[in-house]
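# Close look at the chain arrangement
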Amino acid sequence: MKRSHSLLYVVLILFGTALCLSGCASSGPKANASLDQVMSRDMAAKQDIKAINERMFASVAATPSMEDYVISEGDLLQITVFEAEELKTEARVGARGYLTLPLIGSIEVQGLTSREAEQKIEDTYRAKYIRDPHVNIFVKEQFGSKVTLMGELEQPGTYDYYGRQRLLDVLALAGGLSENAGKTVQVRRVLDEAKPPETFLVDMDEMVKEGRSELNIPIQGGDVIFVPEAGTVYVDGAVAKSGAYPIKQNMTVQEAIVAAGGTSPAASDTVKLIRYTDEGKRDIIQISANDLDATKLNLKDRDIVFVETNAVKAAVYGFRLQVFGTGVSIAPPK
């Protein structure tokens, strides 16, 4: 019985060798061409991010001056009225954003720059008390606001936010986009604690490459800026390196397989594309491996590419089969 088992295994080896000579050899140039294409697209995607970063750093505003400092809750301000020394005072911005000053009482300054607050106080004194006042504000203690930058950035983290800046300025604080960054930036802002935050979506390609400056929106203290990773596809089954891979621009099923190291010798002629719909359902698209070149089906985020395994080839080569995380080892007889 053991002898017949070994004989069967030898037959399978000879059969597999014939398959490899007829099929594997002919597929070599095609696989190399696809690999070159994937590498070219990968390099193009990295160059794309690099170009966006270069334009970002070239267009960011200069470091904000103290006149641009945005006054925040908790700041300690020294206010001087040059025409009336007795009106000089120190006051801390209260929880609701107000200062209390001689003669004029409470005045809201939170969210204003130092220069805007000076003008507002001058206008208030001018209206009732002083003909042509000149006011100076010195920030003795900076409480400051914060902005949080998360996701695919070179240096994500929480940064002090002292002066009015726009989206590109703030992204530059974190060193720009990483190589794996997607090109849609999310800005989350809490306008009212009793309501859900607002989310602004900004297309970096449209803003930087196409020059749509209106998308370079002003950032406010407390904003959270999130740069998601470029979309990913999961490649599994009879491939060299199953796992998650970033989706490059217009990436096809064949390019995803090449990114996973290509098919293993145990691969069958069937490839399945599993795609989740917006309703959370799952669609399965079956593709012939011989038609991958002609199937120009671009991948989407969360797609799964599954290369089916040929049981006979698996027996010959002793490969481990992977079916959505469940493996069955078919090893040579001893």
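From a predicted model like this one, the values you see are computed outputs, not experimental measurements. Residue numbers here run from 1 along each chain, matching the order of that chain's written sequence. Thresholds applied to this predicted model are a pLDDT of at least 70 for local features of residues and 80 or more for the giving and counting of side-chain atom pairs; totals over whole chains, interfaces and linings are not thresholded and use all residues. As a convention, hydrogens and water are excluded, and side-chain values are obtained from all of the structure's heavy atoms.

### Focus: helix 2 (residues 114-128)
Helix length check: helix 2, at 15 residues, gives a terminal C-alpha distance of 22 Å against a target of 21 Å (1.5 Å per residue), a fit within 8%. Among the residues making up helix 2, those that are buried are Ser114, Ala117, Glu118, Ile121, Glu122 and Tyr125. Projected down its long axis, helix 2 carries its buried residues within an arc of 135 degrees, all on one side. Buried residues belonging to helix 2 abut strand 1 (76-81), strand 3 (98-101), strand 4 (105-108) and strand 5 (135-141). A run of DSSP states H or I qualifies as a helix once it reaches four residues; a run of E qualifies as a strand once it reaches two. Both are numbered from the N-terminal end. An expected span of 1.5 Å times one less than the residue number is assigned to each helix. Think of it in three bands: residues with accessible area under 20% of the maximum for their type are buried, residues over 50% are exposed, and the middle band is partly exposed, with areas taken using a 1.4 Å probe on protein chains only. Working definition: the arc comes from the directions between the helix axis and the C-beta atoms, pointing outward to the latter. Between two residues, a contact is recorded if the distance between any of their heavy atoms is within 4.5 Å.

### A word on the sheet that holds strand 15 (residues 267-276)
In a beta sheet, neighbouring strands pair by backbone hydrogen bonds and run either parallel or antiparallel. Strand order in the open sheet made by the 5 strands is 14-13-17-15-16, with mixed pairing throughout. This sheet does not close on itself; its edge strands, each paired only once, are strand 14 (243-246) and strand 16 (282-288). Neighbour-to-neighbour, the strand axes of the sheet open up by a mean angle of 25 degrees, direction not taken into account. A pair of strands is considered paired only if DSSP assigns at least 2 bridges between the two. Two strands pair when backbone bridges link them, and strand 15 and strand 16 are joined in this way by 7 bridges, in the antiparallel orientation. Bridge pairing in strand 16 places Thr270 opposite Ser288. Angular values range over 0 to 180 degrees, each being the angle between N-to-C directions of two axes fitted as lines to C-alpha atoms, with helices fitted over their stretch in contact.

### Describing the pattern of salt bridges
Throughout this description, the term salt bridge denotes a Lys or Arg side-chain nitrogen within 4 Å of a carboxyl oxygen of Asp or Glu. Across all of its chains, the model carries 11 salt bridges by this definition. Arg189 is paired through a salt bridge with Asp223; the nearest N and O atoms lie 2.7 Å apart. Pair noted here: Arg189 is in strand 9 (residues 184-189) and Asp223 is in the loop between strand 11 (218-219) and strand 12 (224-227), with a separation of 34 residues, a long-range link. Judged on exposure class, the residue Arg189 and its partner Asp223 are both buried.

### Re the sheet that holds strand 9
With mixed pairing, the 5 strands of this open sheet are ordered in space as 7-6-12-9-10. Bordering the open sheet on either side are strand 7 (157-161) and strand 10 (198-203), each of which pairs with just one other strand. Sheet twist, expressed as the average angle between the axes of neighbouring strands with direction ignored, equals 20 degrees. Both strand 6 (residues 145-151) and strand 12 contribute to a ladder of 4 bridges, which runs parallel. Looking at the pairing, Leu149 lines up with Ile225 of strand 12.

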